[in-house]
Amino acid sequence: MPKAKYEQIYRILKEKIESGLYPPQALLPSEHTLIGELDCSRNTLRRAVAELVRVGYVQTMQGKGVRCIFEPTGQATFTLGSIESFAESAARIHWHPSSKILHFESLIVDEMLSQRTGFAPGTPVYYLQRLHYLNNRPLILNHSYFRQDVARGLTAEIAAGSIYQYLEQELQVSIINSKRVVTVERATALDLQYLDMADCNCLAVVSSQTYNGDGVMFEYTQSRHHPNFFRFQDNAVRRPSPASRAEKKPNDR
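J.: For the overall build of the protein chain, give the residues involved together with the corresponding values.
T.: Of regular secondary structure, the protein chain possesses nine helices and 10 strands. The 253 residues of the protein chain split such that 41% are buried. Excluding contacts between residues fewer than 6 apart, the proportion of contacts in the protein chain whose partners are at least 24 apart in sequence is 60%. With an accessible surface of roughly 14,300 Å², the protein chain has 50% of that area assigned to carbon and sulfur atoms.

As structure tokens, this is what we get:
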């Protein structure tokens, strides 16, 4: 299905922030100005801004506007608060991406693989190993499993490009949610064979279970990252504790 209008506005504003058009600590144009420039409704703009708040790009200030709090970094940054393809992440940090398929096969999930991935035993999946390059350096090794009934017709040739683009644009799959676990692990023989590890012997590992609009887990990926080039960034918001809320509540009379 087509992307919602607010998602399009969100991406436009996000790109402007990342490009420096709205620099750190600057106020975004007024709501009235943005509505005119982006040809959208007030509710659509506010939903887009809420997404930018969620991923840590802006902060809303009552009566003052929306301040840009995005800080560009020279080190490649992959966010945990949003779902990005490898190509989208590379474009955001202005690095040149390329990928190589090391292995591609169809298989049936057994008990051992089920425990590792979360797929039910007997599920047909595509398994692939992808080596991702940034500025021509091999820095990420992915082990991915995709349900065949969701990623219909997936091939090694398609996987060498953008799998998410294929899923969203060709198959009309809605990619909604991803549960992730981040660990630090010792490099395996396969990591050392393919990644430009230099004198590093450990790497950052992100294990993701990703769901579509029907609540079906269609992907499990273990993404293994060179530690010197990647930092995982999230945006946290402090919620008032029950005690704080109780203190602010007017006394009953």
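Now that the structure has been shown, the text picks up again.
J.: Run through the pattern of salt bridges, naming residues and quoting values.
T.: Counting across every chain of the model gives eight salt bridges. With its nearest N and O atoms 3.1 Å apart, the salt bridge here joins Glu51 to Arg54. With Glu51 and Arg54 both in helix α3 (residues 42–54) and three residues apart, the pair spans about one turn of that helix. With relative accessibility at 22%, the residue Glu51 sits in the partly exposed group. Measuring nitrogen to oxygen at the nearest pair gives 3.3 Å for the salt bridge that ties Arg224 to Glu185. Placement of the pair is Arg224 in strand β9 (residues 217–225) and Glu185 in strand β7 (residues 175–186), with a sequence separation of 39 residues. For Arg224, a relative accessible area of 4% puts it in the buried group. Note on Glu185: relative accessible area 29%, which makes it partly exposed. Here the salt bridges share partners, and the residues they tie into one network are Glu31, Arg42 and Arg46.

J.: Requested: an account of the environment of Tyr145, with residues and values cited.
T.: Among the secondary structure elements, Tyr145 is positioned in strand β6 (residues 137–147). For the pair formed by Tyr145 and Val125, sequence separation is 20 residues and the distance between their alpha carbons is 6.0 Å. In contact with Tyr145, other than residues within four places in its own chain, are Leu113, Arg116, Thr117, Phe119, Val125, Tyr126, Tyr127, Phe218, Glu219 and Tyr220. In terms of polar contacts, Tyr145 uses its side chain to reach the side chain of Arg116, at 3.1 Å.

J.: Any chance you could break down helix α7 (residues 163–170) for me, citing the residues and the numbers?
T.: Those residues of α7 not exposed but buried are Ile163, Tyr164, Tyr166 and Leu167. All buried residues of α7 lie within an arc of 165 degrees about the axis, which places them on one face of the element. Summarising the geometry of α7, the exposed residues directed more than 90 degrees from the buried face are Gln169 and Glu170. Just past α7, the residue Gln172 takes up positive phi, approximately 60 degrees.

Rules of the game
- For every chain, the first residue of the written sequence is number 1, and numbering continues from 1 along that sequence.
- Where local features are concerned, this predicted model is filtered to residues with pLDDT of at least 70; where side-chain atom pairs are given and counted, the filter is 80 or more; whole-chain, interface and lining totals use all residues.
- Based on all heavy atoms of the structure, the side-chain values leave hydrogens and waters out of the count.
- Elements are defined by DSSP. Helices are runs of H or I of four residues or more, strands are runs of E of two residues or more, and each kind is numbered from the N terminus.
- Only protein chains enter the area calculation, which uses a 1.4 Å probe; residues under 20% of their type maximum are buried, those over 50% are exposed, and those in between are partly exposed.
- We call two residues in contact when some of their heavy atoms are within 4.5 Å.
- Each accessible area is a Shrake-Rupley estimate made with a 1.4 Å probe; only the visible protein chains count as cover when residues are assessed.
- Any carboxyl oxygen of Asp or Glu within 4 Å of a side-chain nitrogen of Lys or Arg constitutes a salt bridge here.
- Under the rule applied, a polar contact is a pair of N or O atoms within 3.5 Å (in protein, one hydrogen donor and one hydrogen acceptor; residues adjacent in sequence only if both atoms are side-chain atoms).
- Each direction from the helix axis to a C-beta atom contributes to the arc, which is the arc of those directions.

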